[in-house]
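Analysis of the macromolecular model
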Amino acid sequence: MKEYSETYSSGGVVLNKNKEVLVVSQYGTSWSLPKGHLNSGENNLNAAKREIFEESGINKLTFIKELGEYKRFRIGKNCEEDKSELKNIFMFLFETEQIELNPLDPENPEAKWIKKEDVVDLLTHEKDKEFFLSIINLI
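Residues numbered from 1 in each chain as written. Predicted model: local features only at pLDDT ≥ 70, side-chain atom pairs only at ≥ 80, totals over all residues. Heavy atoms only, no water.

So, unusual backbone geometry
Keep this limit in mind: Secondary structure is summarised from DSSP: a helix means a run of H or I of at least four residues, a strand means a run of E of at least two, and numbering begins at the N terminus for each. Each residue gets one of three labels from its accessible area relative to the maximum for its type: buried under 20%, exposed over 50%, partly exposed in between, using a 1.4 Å probe on protein chains only.
One non-glycine residue, Lys-19, lies in the positive phi region at around 65°. Within the secondary structure, Lys-19 is located in the loop between β1 (5-15) and β2 (21-26). Exposure remark for Lys-19: the relative accessible area of 48% places this residue in the partly exposed category.

Observations regarding the nonpolar core
Defined as follows: To form a nonpolar core, buried Ala, Val, Leu, Ile, Met, Phe, Trp, Tyr and Cys residues must be joined to one another through side-chain atoms within 4.5 Å. Two residues qualify as a contact provided that any one of their heavy atoms is within 4.5 Å of a heavy atom in the partner residue.
Membership of the largest hydrophobic core comes to 20 residues, with the highest contact counts inside it found for Val-13, Val-21, Leu-33, Met-91, Phe-132 and Ile-139. At the level of elements, β1, β2, β5 (62-75), β6 (81-95), α2 (119-122) and α3 (126-135) are the ones that each hand at least two residues to this core. Residues within four places of Leu-33 in sequence aside, it is in contact with Gly-12, Val-13, Val-21, Leu-22, Val-23, Val-24, Met-91, Leu-123 and Phe-132. Membership of the second largest hydrophobic core comes to 12 residues, among which are Leu-22, Ala-48, Phe-94 and Ala-111.

Quick word on the side chain of Ser-9
By the secondary structure assignment, Ser-9 is in strand β1. What Ser-9 contacts, discounting residues up to four positions off in sequence, is Gly-36, His-37, Leu-38, Asn-44, Lys-87, Asn-88, Ile-89 and Phe-90.

Dropping the structure here:
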């Protein structure tokens with residue numbers, strides 16, 4: 001019997017006109033690409049757009065392409081892996097003309113634009129880093 005629940009999340013790599021990448025802080029302690037759980041009846045693309053909006057305030061997104069999926073355990077508030085939840089994460093590539101960031105989600109209080117080359121150094125979870133490295137040449 002599994003000792004964890006499996007959940008489904010969607011999110012995105014968002015590029016601005018300067019080709020900088022959007023990253024968001026969870027609980028003010030860890031950094032990731034914007035993503036979150038699907039709501040009931042929601043598809044991956046709509047969930048990704050909603051999560052990006054909630055975590056950054058960006059609501060004008062241009063869909064570019066699917067980037068694929070990966071699995072990882074969630075990050076707990078102490079930045080350790082929380083092995084009670086295995087996340088199936090589906091990611092998309094988006095572009096936006098918006099620059100100003102205004103997170104709405106109190107659990108994700110900070111968002112910022114950074115150079116694509118610096119993303120891996122900032123991401124907290126090892127699986128997020130591996131995923132970003134696997135798609136960096138596609139963006």
